[in-house]
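Remarks on the overall topology
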Amino acid sequence: MNFNLEMEKRQEKITGILEYYLPKEEGFQKTVLEAMNYSMRAGGKRLRPLLMLETYRMFGGEGQIIEPFMAAMEMIHTHSLIHDDLPALDNDEYRRGRRTTHIVYGEAMAILAGDALLNYAYETAVRAFEIEPGNPAIGKALQILTKKTGIYGMLGGQCVDVEAAGREISREKLDFIYRLKTSALIEASMMVGAALAGASEAEIKVIEDSARDIGLAFQIRDDILDVTSTTDELGKPVFSDEKNDKTTYVTIEGIEKAKSDVEEISKRAVSALQSLDRKNDFLEELVLMLVNRKK
C-alpha cells in the first residue's frame, strides 16, 4: 500500500462529500453562508471525517449513510476553529495558511458563522434518514455525535480551557481539557463510524478507548509542534500557547517526556485497534502518521 497515494485519494473523496453538503451562498444571509464556506474550504487534513470513514470500513460499512455524518463532523470541527481563533480566545490571524474568519469577515460575522456551522452540522447529519429511513443505527450515531460535541464533550473542554488560561493547573485538569477539547471529536468520529457499520457495544467501547488515546497523543504532538515548528510549516502561529499564557503538556512534563509519551500512547491506541477481530491497515498507518506529523 502506498500510504500517501491512498491518503490523497481519500482526502479528494472527502472534499467532494463536503462540497456536496455545503450551503448555497444566496439570499439575504449570503454573507454568513460565504463565511461558513470560506472556513470549510480552508483545507486541512480532514482527519475526523477520514477517521470516521476508515472505522466504518473496518467494520464492513459500505453505504452512503456515513457521508452526511462525515460532513457534519467537519462542520463541527471547523466551527470550533473559527471560535478558537476569535480575539476573545486565542486571537489568531492565520489558520491553515489563510487569514482567519474573523480577520476576513469581522468578529461578529465570524461568531455567527461558527454558530451557523454548528447548527447546520446537525441539520446535515439527520439527512442520513433520507438515505436509509429505517436504519436504527442513525439514532445511535446521533446520540454519540451530540453528546461528544456538547457541554460534556468538546464544548465543555473549551470552557475549562478558557478558564484555565493564565493560571497554573494540575496535570489532572489538563488531561480533562485534552480529553474533552481534542479527544471527544476523534472519539465521536470513530464511534459514529463503528455504530453506523453495526458494531457491537463492546466493539464501540474499544474504539472509544483507542480514539481517546489518539486524541491525547495528537494534542501532545500539537503542543510539541507549537514550540519546535515554524509558522510557515504549521500554517498557523507558533508559540501561541505561550502568548495566551496556557499550561500545556510540554509545560508540565518537558519536551523530551512529551515526545516519549506520544510514542507510548499512540502504540497503546494501535494495540487497542489490533485487539478487535477486524483489520484496516490504512487506519493503523493513519494513526501513526498523525502522532508523528511535522505540521
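Now for a look at the structure at hand.

In this section: the packing of helix H4 (residues 66-84) against helix H6 (residues 107-125). H6 packs onto H4 with a crossing angle of 165° between their chain directions and a minimal axis gap of 8 Å. The orientation of H4 relative to H6 falls into the category roughly antiparallel. The interaxial crossing formed by H4 with H6 has left-handed handedness. Note on element contacts: H6 touches H4 through Ala110, Ile111, Ala113, Gly114, Asp115, Leu117, Leu118, Tyr120, Ala121, Tyr122, Thr124 and Ala125, opposite Pro68, Phe69, Ala71, Ala72, Met75, Ile76, Thr78, His79, Ile82 and His83. Its residues placed into classes, the contact of H4 with H6 shows 16 nonpolar, 5 polar and 1 charged.

Further remarks concern the layout of surface pockets. Of the voids in this model, the second largest pocket is the one considered here, and its volume is about 310 Å³. In this structure, the second largest pocket is lined by 17 residues; those nearest its centre are Lys147, Lys148, Glu187, Met191 and Glu208. Those elements giving two or more residues to the lining of the second largest pocket turn out to be helix H8 (137-149), helix H10 (171-196) and helix H11 (201-228). Its residues assigned to classes, the lining of the second largest pocket comprises 6 nonpolar, 2 polar and 9 charged.

Here we take up H10. Its 26 residues place the ends of H10 35 Å apart at the C-alpha level, agreeing with the 38 Å of an ideal helix rising 1.5 Å per residue. A bend of about 50° at Ser183 is the largest found in H10. Counted residue by residue, H10 has 19 buried out of 26 residues, so it is predominantly covered. The first or second residue beyond H10 is Gly198, which carries a positive phi of 90°.

Counting buried positions along helix H2 (residues 30-40) gives 8 out of 11 residues, so the element sits mostly inside the fold. Among the residues of H2, Val32, Leu33, Ala35, Met36, Asn37, Tyr38, Ser39 and Met40 are the ones counted as buried. Looking at the buried residues of H2, the elements they touch are helix H1 (3-21), H4, strand E2 (98-99), helix H5 (101-105) and H6.

So, how was this worked out
- Residues numbered from 1 in each chain as written.
- Predicted model: local features only at pLDDT ≥ 70, side-chain atom pairs only at ≥ 80, totals over all residues.
- Heavy atoms only, no water.
- Axes fitted to C-alpha atoms, helices over the stretch in contact; angles between N-to-C directions.
- Helix = DSSP H or I, 4+ residues; strand = E, 2+ residues; numbered from the N terminus.
- Parallel < 35°, antiparallel > 145°, perpendicular 65-115°, else oblique.
- Left-handed = near helix turned anticlockwise from the far one by under 90°.
- Contact = heavy atoms within 4.5 Å.
- Nonpolar A, V, L, I, M, F, W, Y, C, P; charged D, E, K, R; others polar.
- 1 Å grid on protein atoms, 1.4 Å probe; cavity = no way out; pocket = protein on both sides within 12 Å on 5 of 7 lines; lining within 4 Å.
- Points joined across faces, edges and corners; volume = space filled by probe spheres on them.
- Expected span 1.5 Å × (residues − 1).
- Bend = angle between axes of the 7 residues up to and from the residue.
- Buried < 20%, exposed > 50% of the residue type's maximum accessible area, 1.4 Å probe, protein only.

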